[in-house]
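Report on the structure
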Amino acid sequence: MDDKSNIPIERSENRGPRSKRLAKLLFAGVGMFALLVTSAFAQSPSDTSPTASQDPAAIDQIWQKASAKYDAQRTAILQQVDASTHKGPFRADWESLKNYDVPEWYKDAKFGIFIHWGVYSVPAFGNEWYPRNMYVPGSPEYKHHVTTYGPQDKFGYKDFIPMFKAEHYDPAAWAKLFKDSGAKYVVPVFEHHDGFAMYDNSLSDWTAVKMGPHRDLWGDLAKAIRAEGLHLGASSHRVEHNFFLGVGRAIPSDVNDPANAALYGPAHNWLANPRNTPLSDDFTYVSEEWTNDWLARSAEIVQKYHPDVMYFDWWIGQPSVRAALTRFASFYYNTSLANGNTLGIINYKDYAMQEHSAVLDIERGQLSDIRPLYWQTDTSISNKSWGYIENDTYKSADFIVHQLADIVSKNGNLLLNIGPRSDGTIPEAAQQVLLDVGAWLKMNGDAIYGTRRWRVYGEGPTQVAAGSFHDADTKPYTAEDFRFTTKAGAIYAIEMGWPAGHEAIIHSLASSSAETVESVHSLGTRSSLQFQQQSDGLHIQLPDQAQGKYAYAFRITVRKSEPN
């Protein structure tokens, strides 16, 4: 993730002098891991001198050598990936993958929890792109870092890892909170752009099992989530790590030190066109070794944790990645079926996948109308970040409920993100929003869970600001705004406000419509309501006092009118 609209895009010009000859990575009798640990905290000036002018192939070779100790394991996983193509209905090509069908459980679930938690929660400043922006001169993160921790060649991002302890982390308490929020699936970020794995990754030394908390953080949560009857997802943003730390090569920093290449590398220059162009308009250097590593890491998550959802961020649509993407999709879909589970779900952004082959995700945004193909919105409960930052502000339960109702009416799901603190606690303000949303769903969930889109998504004066990164731009809803769903022959109308005149009017169910209304029940009171189906709409008589908060759901039973 994620809020890339505020991130400067690097151009192709080189920014630093040619570095001195790189120090050798391996010394006789010293293992790679020992070298990484001992050298990570003390570099000579030549180790940290800018390297941005080096050839990208040479830069990539340094990362490959630093990761070579896992070549055998990586190769074995890739062989298993390719073998799966012959053991299921999906091949590694788009013609085959476009036959994908979204599982019914996911269409029924409607609401999930996303989790951004990692080393970036230690500085807790700016947003989860701190690992990159702390190396960008002039940025608030750069200034904060130098003032608080010192220059980047003395204190780099890796030096936050020992401070990431997760000492108060309670997976069972987290899982119960998510269950109480009304969520049906939970998607932790297994690895973000920073390159630090939050799980038991057998292809890296830079993991939460081997450093920092010394614990399989997401493995423990996976058990707790499933114990609560929820579905487990996994999000990998690893692919964007290819360029994420490249800015550190333009300044004296620990990113330039070959001893840190297994964490920071390859750290290429990001050569991308301006925002809002297709993902294929990206010319960053990507080696086959990098895409193979990404594929092996993604496949290992599937093998070890059996997630029901795999969420990928933007860069899987990069031209050099797409071939590996088809291999992963074939492997994941076939493996999920072979394990006796329902078909797995891949969330993708923008143009990254053929639209019938997976589930489109729209980041911090919504759609203006019904999308026939199933889709998802992901957004953060935080207004400023995906990961935890100090002095953050949060969206209200009112906002979340309205967004959920709008998305579900348009054939989608809402994946709502939280950012825990580095000690493993979830901010109390965020917890309260989740519990308030859960209370609304407990009362009105019949209008959400297991429903499908109606012939129109809704009515009313408020228009959604459609597209990615616009979810906070929609004006407040009114009592004239309704969102519709349907289930088991009933229509559910969700009114986004309480009318002053104690009467709700639904114009889409006027007497001239195809539906004859037989009864109306309030989900808030579980009681029947008086109504009249008139030429201008369905008039529903409401109690003097609103029942519940935020939005008000009605179950309307109808029979189809006979054609004239």
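Because the structure is predicted, anything quoted here is derived from the model rather than measured.

For the protein chain, the count of helices and strands is 16 helices and 16 strands. Here the protein chain has a C-alpha radius of gyration of 25 Å; the compact-globule value for 564 residues is 24 Å, and the two agree. Each of the three principal axes of the protein chain carries a C-alpha extent, and together these read 85 × 55 × 45 Å. Residue burial in the protein chain is summarised as follows: out of 564 residues, 59% are buried. Within the protein chain, counting contacts between residues at least 6 apart in sequence, those at least 24 apart form 75% of the total. Of the roughly 21,200 Å² of accessible surface on the protein chain, a fraction of 52% belongs to carbon and sulfur atoms. Of note, the protein chain has its 53 positive side-chain charges centred 3 Å away from the centre of its 65 negative side-chain charges.

Three or more residues of helix α10 (residues 217-227) are buried, namely L217, W218, G219, L221, A222, A224 and I225. Its buried side turned inward, α10 meets β1 (111-115), α9 (171-180), β2 (185-191), β3 (231-236) and α13 (288-305). Directly beyond the C-terminal end of α10, a positive phi value near 80 degrees is found at G229.

Take the nonpolar core next. Counting residues in each nonpolar core, the largest one holds 144 residues, and the members touching the most others are I115, W117, F178, W294, F328 and Y333. In terms of residue count, the dominant contributor to this core is α13 (8 residues). F328 has contacts with W294, L295, S298, A299, V302, M310, F312 and I346, leaving out every residue within four places of it along the chain. Counting 18 residues, the second largest nonpolar core, distinct from the first, contains I491, A504, I540 and F554.

Let us now look at the pairing of strand β15 (residues 537-541). Among the 5 residues of β15, 4 are classified as buried, and the element is accordingly described as predominantly covered. Sheet topology places strand β12 (residues 503-506) next to β15; 4 bridges connect them, and they run antiparallel. Bridging across to β15, E503 finds its partner in Q541. Two elements, strand β14 (residues 531-534) and β15, share 4 bridges in a ladder whose sense is antiparallel. By the bridge assignment, F531 is partnered in β15 with I540. Counted along the chain from β14 to the antiparallel partner β15, the turn is 2 residues long.

Each α-helix winds once per 3.6 residues, and so residues spaced three or four apart point in a common direction. Among the residues of α9, those classed as buried are P171, W174, A175, L177 and F178. Here the buried residues of α9 occupy an arc of 160 degrees about the axis, which is enough to place them on one side. Elements in contact with the buried residues of α9: β1, β2, α10, β8 (412-418) and α16 (428-444). Count one or two residues on from α9 and you reach G182, which has phi positive near 95 degrees.

So, about the side chain of T485. Note that T485 resides in strand β10 (residues 482-487). Engagement of the side chain of T485 in a polar contact is seen with the backbone oxygen of A447, the distance being 2.8 Å. With near-sequence residues (within four places) excluded, T485 lies in contact with V408, S409, A447, T451, R452, W454, A490, I491 and Y492.

Right, let's talk about the pattern of salt bridges for a bit. This structure, assessed with the given rule, holds 30 salt bridges. The salt bridge partner of E104 is R452, with a shortest N-O separation of 2.7 Å. Of this pair, E104 sits in helix α6 (residues 104-109) while R452 sits in the loop between α16 and β9 (458-459); the two residues are 348 residues apart in sequence, bridging distant segments of the chain. Residue R483 is joined to D406 by a salt bridge in which the shortest nitrogen-to-oxygen separation is 2.8 Å. Highlighted residues: R483 in strand β10 and D406 in helix α15 (residues 397-409), separated in sequence by 77 residues. Note on R483: relative accessible area 1%, which makes it buried. Taking relative accessible area as the criterion, D406 reaches 0% and is therefore assigned buried. When salt bridges that share partners are traced, they join D71, R74, E191, R238, D293 and R297 into one network.

Attention shifts here to the sheet that holds β9. Here we have 5 strands laid out as an open sheet, ordered β9-β10-β11-β16-β13, and antiparallel in their pairing. Whereas interior strands pair on both sides, the edge strands pair on one side only; in this sheet they are β9 and β13 (515-522). As paired strands, strand β11 (residues 490-495) and strand β16 (residues 552-560) are joined by 6 bridges and run antiparallel to one another. Within β16, the position partnered with I491 by the bridge is I556.

What counts, and where the lines are drawn
- Residues numbered from 1 in each chain as written.
- Predicted model: local features only at pLDDT ≥ 70, side-chain atom pairs only at ≥ 80, totals over all residues.
- Heavy atoms only, no water.
- Helix = DSSP H or I, 4+ residues; strand = E, 2+ residues; numbered from the N terminus.
- Rg over C-alpha atoms; globule rule 2.2 N^0.38 Å.
- Buried < 20%, exposed > 50% of the residue type's maximum accessible area, 1.4 Å probe, protein only.
- Contact = heavy atoms within 4.5 Å.
- Areas by Shrake-Rupley, 256 points an atom, 1.4 Å probe, with all protein chains shown as cover.
- Lys, Arg positive; Asp, Glu negative; His and termini not counted.
- Charge placed at Lys NZ, Arg CZ, Asp CG, Glu CD.
- Core = buried A, V, L, I, M, F, W, Y, C linked by side-chain atoms within 4.5 Å.
- Pairing = 2+ DSSP bridges.
- Arc of directions from axis to C-beta.
- Polar contact = N/O pair within 3.5 Å; in protein donor to acceptor, adjacent residues only side chain to side chain.
- Salt bridge = Lys/Arg side-chain N within 4 Å of Asp/Glu carboxyl O.

Limitation: the analysis is restricted to geometry and does not speak to function.
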